Each structure stands twice: as C-alpha cells, then as structure tokens.
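Examining the three-dimensional arrangement
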Amino acid sequence: MPEYIKQVAITGDISRIGTDDDLIRAWCSEVAKEIYEQKCEFAVVHVQGLHSAENPDYAARVICGCITDNPEIYRAFDSSMAFFDTKLTGLGNLYLFKNHSDIQYYDRFSSTGYINVRSGHQHSIGSNECDGFIQNTFGQNYTFRRDFYNDDGTRDLANQRTGFLLARFRIHGKELTFVNLNLHSVPFEDVNEIATKNSSITKAASKREQQIEMLLKELDEEGLRNDAILVAGSFNSQLHETDLLNYLAKTQLVQTVAKKDEDGNVESIEHVDRHGRRTTTVERTRFDLHSIHDWFFRLGRGQMVKRYNGELANIAFKGNLKEETCFFQPSRHYELNDSGKEEFQRTLCPAWSDRILYNDRMNELFKHDSFCASGLYYGLVAEEKFVGPHKPVALHASICLK
C-alpha cells in the first residue's frame with residue numbers, strides 16, 4: 001500500500017451555461033485537464049445547477065461522458081461512480097478511481113455496509129435515488145420548473161435548488177465522506193440592506209449559515225462526524241459589500257448618494273467624485289465600479305477585496321470546517337465583453353462563491369508541505385479560459401494512508 005495518494009477535488013456551478021452545449025463541453029474539457037495533469041489516484045467532481053438546463057438529464061450525460069471518455073482520463077482511471085440528481089437537488093457527484101481494487105462505497109441500506117467498487121463506470125442519471133448517495137433539500141419541497149431565471153437575469157428564488165448530495169467511501173482503509181452543496185443565493189443586490197447595514201450579517205448569509213448547521217446535524221445523525229469530510233460546492237457566499245463600499249468612498253474621496261423609491265427604501269447607491277463623475281453604481285441588478293471595475297477585482301488575484309471575504313469565518317471559528325487561504329481571484333461572475341475578452345460582470349458583486357472546505361480529520365490526513373508538488377493547492381480551474389460566469393475551483397492534496 002502506498003504511503004500517500006493524491007486527490008483532486010473540483011467543484012463547479014453550471015447554472016448559467018446549462019443551455020449552451022459548447023460551453024458545457026469546454027467546461028468539461030478544462031475540468032478533465034485539471035485532473036489528468038495532476039496524475040492523481042482519485043478525483044472528485046461536484047456539479048451544481050443541473051436544473052437550469054433545458055434537459056437536465058442530457059446535460060448530466062454530456063458532463064459524465066465528456067469527462068470519463070476524455071482519452072487522458074480513460075487511460076488514467078479504471079473505474080468511476082456518479083449520481084446526477086436531476087429530480088430533486090440538481091446536484092451531480094462524480095468520483096474517478098485509478099485502481100478500484102481497494103475502494104469501497106458505503107450503502108446505508110446494505111446489510112454489509114461497504115460494497116466493493118466494480119471496474120468500469122457506474123453512472124446513475126435522472127433516478128430518484130441511488131445506492132450509496134444521500135440527498136437532502138434542507139427541508140424544502142420542490143416542484144420542477146424550467147424557467148430557472150427571470151427575464152432580468154436574476155435567479156427565480158421560488159425555484160432555486162438548495163441542498164446537498166453526500167457519498168462515503170473507504171479508500172485504502174480510510175473512511176472519507178464527500179459532500180456536494182448548494183446553499184441559498186440572492187442573485188441580485190439588496191441595495192436597501194447594503195445602505196442601512198442593520199446587522200453585521202446579511203439575511204442571505206444568515207440563511208446560508210443555518211443550512212450549514214443543518215448539514216452538520218445530518219452528518220452527526222448519520223454517524224459520519226468522525227470521518228474525514230470534504231465539502232465542495234456552491235456556498236454562494238458574498239463579500240461584505242457595505243464595508244467594501246465604505247472603503248471605496250473613503251479612499252476615493254467621493255460623495256455617497258442614495259436614491260429612495262416611493263416607499264422610502266433605498267433603490268440605488270452612487271459614488272460621485274468632485275468633478276461630478278460616477279465612480280460606483282449599485283442597483284438591484286447592477287454592481288459597477290465603472291472605470292476600475294475589472295482591474296480592481298483582479299488586482300493581486302483579488303487580494304484588494306479579500307478582507308471583505310469573511311462570511312464563512314463563523315463556520316471556521318466554531319471549529320466545524322476549515323479552508324485553505326483563497327490566493328486566487330473571485331470565482332464568479334464572469335462574462336465576455338464586446339471584444340471577446342473575459343471580464344467581471346457588472347450586474348453582481350464578484351465573490352468567492354465556490355469553495356472547498358474540510359474538517360479536522362481530513363486536515364490531519366493532508367500532507368502539508370508547501371515546498372513540494374505534493375503539498376496543498378487551492379485555486380481556480382480554467383483561469384485563462386472563459387467557461388461561463390462561474391469558474392470551477394480545485395483543491396489538490398496528498399492524503400496520508402499510514
């Protein structure tokens with residue numbers, strides 16, 4: 001048995017490219033490249049946003065096929081397991097194994113508990129459930145609708161899918177649990193809340209924290225908290241936008257102008273310099289730093305705004321989950337401009353929404369060595385290529401088997 005095995009975990013949200021076959025295939029190509037270039041023993045791919053596709057089952061088949069049939073992947077891995085839940089959560093979990101001989105998956109409905117992974121590809125797409133996987137929608141009941149987005153581009157909150165999809169494996173004797181996650185999102189700017197700043201935590205952030213607590217409770221009830229756990233998904237966390245705007249106003253020496261609607265709620269915030277030029281505009285479907293927008297969020301790979309990326313701090317400080325430092329620019333929201341160059345959208349504030357966290361037990365198994373290739377790496381996939389508004393995020397790690 002080897003002393004260490006290398007793992008690559010990738011999470012990505014396809015909710016805005018579900019109807020674009022070319023972009024989905026480009027997304028899959030970049031994910032596959034990230035995996036095979038690392039020459040890892042096993043790989044984790046978590047997908048969110050399947051319900052945004054016109055045909056979720058077709059999108060899931062394209063993703064599974066494009067990744068597992070990639071020539072480099074096909075040569076490197078002898079088996080894979082996948083469950084793409086297009087009925088309930090809109091989440092898809094794909095696991096690739098270089099050698100299946102010492103890999104088992106856990107099935108809570110089996111009398112033996114762990115079942116050997118077979119050679120070849122076992123993919124379940126569109127089923128209501130799948131052996132070895134646990135679904136949860138945070139207590140919400142859903143009815144399927146395809147009009148996932150409103151005409152103005154914002155997500156239909158009545159139809160957004162939140163929940164998680166969990167799988168557990170025994171890999172070379174180590175019990176590992178992998179959770180795909182999609183938390184509550186508000187894909188428009190709550191301008192009134194930004195302006196009034198009635199609380200240190202937004203209503204949306206509070207909802208997401210509650211959902212993480214529900215996940216941790218479920219892990220306890222399933223008896224999994226002693227496993228090494230990795231949670232990779234759409235946390236949909238946002239920057240502390242009130243503090244960011246206050247910083248911009250202070251450093252740019254501008255006047256802040258808030259416009260209210262007929263009910264007295266703030267509907268827009270603008271920063272105006274001494275020459276009368278607008279430097280910042282925030283509205284329901286607009287977050288625009290004008291001339292510095294793309295430069296500002298890319299500067300130092302996002303390190304200018306990193307200080308406002310603290311939404312998940314409460315989870316980390318409670319000792320529940322850990323995360324590597326985000327030394328990469330925000331994972332969303334991207335678009336192509338008129339000249340075909342990728343830049344940050346001006347409809348929403350960019351953020352590190354796609355994340356990979358893990359518990360203490362998983363951290364103990366990681367080989368922490370920043371001076372060699374086997375150390376931890378946390379960063380974007382397709383950093384130089386447009387694959388949709390959301391860039392996948394990857395965590396490379398060597399896991400100790402001793």
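Here is a short report on the structure shown in this document. What you are looking at is a predicted structure, and each value in this text was computed from that prediction instead of being measured. (Residues numbered from 1 in each chain as written. Predicted model: local features only at pLDDT ≥ 70, side-chain atom pairs only at ≥ 80, totals over all residues. Heavy atoms only, no water.)

Counted according to the given criterion, the structure contains 22 salt bridges. In this structure, the salt-bridge partner of Arg-286 is Asp-288, at a minimum N-O distance of 3.1 Å. Judged by relative accessible area, which is 28%, Arg-286 ranks as partly exposed. A salt bridge links Glu-342 to Arg-298, with the nearest nitrogen and oxygen atoms 3.8 Å apart. Taken as a pair, Glu-342 in strand E17 (residues 342-344) and Arg-298 in helix H7 (residues 293-298) lie far apart in primary sequence, 44 residues in all. Among the residues examined, Glu-342 registers a relative accessible area of 12% and is labelled buried. Its relative accessible area of 23% is what places Arg-298 among the partly exposed residues. (Salt bridge = Lys/Arg side-chain N within 4 Å of Asp/Glu carboxyl O. Buried < 20%, exposed > 50% of the residue type's maximum accessible area, 1.4 Å probe, protein only. Helix = DSSP H or I, 4+ residues; strand = E, 2+ residues; numbered from the N terminus.)

Turning next to the side chain of Ser-52. Secondary-structure assignment places Ser-52 in the loop between strand E2 (42-48) and helix H2 (56-68). Only 2.8 Å separates the side chain of Ser-52 from the backbone oxygen of Ser-15, close enough to count as a polar contact. (Polar contact = N/O pair within 3.5 Å; in protein donor to acceptor, adjacent residues only side chain to side chain.)

We now examine the sheet that holds strand E3 (residues 79-85). Sheet architecture is open: 7 strands sit in the order E7-E3-E4-E2-E1-E20-E19, paired in mixed fashion. Lying at the two open borders of the sheet, with one neighbouring strand each, are strand E7 (120-125) and strand E19 (377-380). Sheet twist, expressed as the mean angle between neighbouring strand axes with direction ignored, is 10°. Direction of pairing for E19 relative to strand E20 (residues 393-400): antiparallel, over a ladder of 4 bridges. Bridging from a neighbouring strand, Leu-380 pairs with Val-393 of E20. Running over the sheet, helix H1 (residues 21-37) touches strand E1 (4-13), E2, strand E4 (91-97), E19 and E20 and is turned about 165° from E1. Sheet strands in contact with H2 are E2, E3, E4 and E7, and its direction is about 165° off that of E7. (Pairing = 2+ DSSP bridges. Axes fitted to C-alpha atoms, helices over the stretch in contact; angles between N-to-C directions. Contact = heavy atoms within 4.5 Å.)

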